[in-house]
Amino acid sequence: GEPLAPLAHALKNPLAAGLTNLAYARGFGDALPPEAQAEDVREALLDARLASESVQRFVNNLELLAVEVSGSGGRRDSLPPLGLGSLVDEAVARQRPHAEARRIQITTAAEAGVDGARIDQDNVLRALENLVANAVQHAPSGSQIRVRTARDGNDVVVEVVDQGSQVPPA
């Protein structure tokens with residue numbers, strides 16, 4: 001775990017600068033009149049942002065792995081109960097612009113009793129965002145993604161369903 005934490009930190013700074021500059025460039029392009037906006041440039045900026053955010057999720061996962069491997073993570077019973085529904089909503093909101101760019105509709109549904117789980121908010125949000133981002137990336141353009149949260153005994157299950165190709169069982 002020790003070599004992973006500095007590696008993740010070293011990758012985060014240039015990645016954050018790249019994402020900031022992409023946002024600046026996109027804002028500059030959006031301020032131009034529609035006839036001056038080149039569709040291929042807008043698409044290239046969106047693709048670059050999606051790729052950068054994918055790398056950012058990978059780096060965040062490296063950080064999480066470093067914490068797990070080093071054993072410095074906290075115990076679940078010491079965590080406060082949180083609303084899983086709001087975390088699902090936040091993960092979906094973060095991916096909605098990407099989905100809209102691909103004409104993908106995302107719907108959510110939560111059964112009663114899914115809130116109050118003792119979970120690490122940052123790590124669960126990261127996992128949820130990874131699941132939704134993966135669905136957006138692999139779902140066919142113009143399709144739908146459903147995110148459902150339900151109780152299964154003492155567990156809470158989050159199900160992300162899209163019409164993308166499935167990974168073969170082998």
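Details of the structure are given in the entry above.
Cut-offs used in this document
- Residues numbered from 1 in each chain as written.
- Predicted model: local features only at pLDDT ≥ 70, side-chain atom pairs only at ≥ 80, totals over all residues.
- Heavy atoms only, no water.
- Helix = DSSP H or I, 4+ residues; strand = E, 2+ residues; numbered from the N terminus.
- Polar contact = N/O pair within 3.5 Å; in protein donor to acceptor, adjacent residues only side chain to side chain.
- Contact = heavy atoms within 4.5 Å.
- Expected span 1.5 Å × (residues − 1).
- Bend = angle between axes of the 7 residues up to and from the residue.
- Buried < 20%, exposed > 50% of the residue type's maximum accessible area, 1.4 Å probe, protein only.
- Salt bridge = Lys/Arg side-chain N within 4 Å of Asp/Glu carboxyl O.

**Some thoughts on the side chain of Glu-129**
Along the chain, Glu-129 turns up in helix H4 (residues 121–138). Side-chain polar atoms of Glu-129 contact the side chain of Arg-94, separated by 3.0 Å. If sequence neighbours within four positions are ignored, Glu-129 has contacts with Arg-57, Ala-91, Arg-94 and Gln-95.

**Focus: the environment of Ser-141**
Mapped onto the elements, Ser-141 comes out in the loop between H4 and strand E4 (144–152). For the pair Ser-141 and Arg-102, spaced 39 residues apart in the sequence, the C-alpha separation amounts to 5.2 Å. Apart from the residues within four sequence positions on either side, Ser-141 is in contact with Arg-102, Arg-103 and Ile-104. Polar side-chain contacts of Ser-141 include one of 3.4 Å to the side chain of Arg-103.

**Thoughts on helix H3 (residues 84–101)**
End to end, H3 covers 26 Å across 18 residues, agreeing with the expected 26 Å (1.5 Å per residue, within 8%). Taken as a whole, H3 carries its principal kink of about 45 degrees at Gln-95; the proline Pro-97 stands between one and four residues after it. Within the sequence span of H3, burial applies to Leu-84, Gly-85, Leu-87, Val-88, Ala-91, Val-92, Gln-95, His-98 and Ala-99. Immediately downstream of H3, the backbone of Arg-103 shows phi near 55 degrees, a positive value.

**A closer look at the pattern of salt bridges**
Summed over all chains, the structure comprises 4 salt bridges. For Arg-148, the salt bridge is made with Glu-111, and the minimal N-O distance between the two is 3.1 Å. Of this pair, Arg-148 sits in strand E4 while Glu-111 sits in the loop between strand E2 (105–110) and strand E3 (117–118), and the two are 37 residues apart along the sequence. By relative accessible area, Arg-148 is classed as partly exposed at 34%. Its relative accessible area of 38% is what places Glu-111 among the partly exposed residues.

**Here we look at the environment of Asp-30**
Here Asp-30 is to be found in helix H1 (residues 4–31). The partly exposed category is assigned to Asp-30, whose relative accessible area is 39%. Expressed as a C-alpha distance, the spacing of Asp-30 and Arg-42, which sit 12 residues apart in the sequence, is 8.6 Å. Ignoring any residue separated from it by four or fewer positions in sequence, one finds Asp-30 in contact with Gln-37 and Arg-42.

Take it as geometry only, folks, not as evidence of what the structure does.
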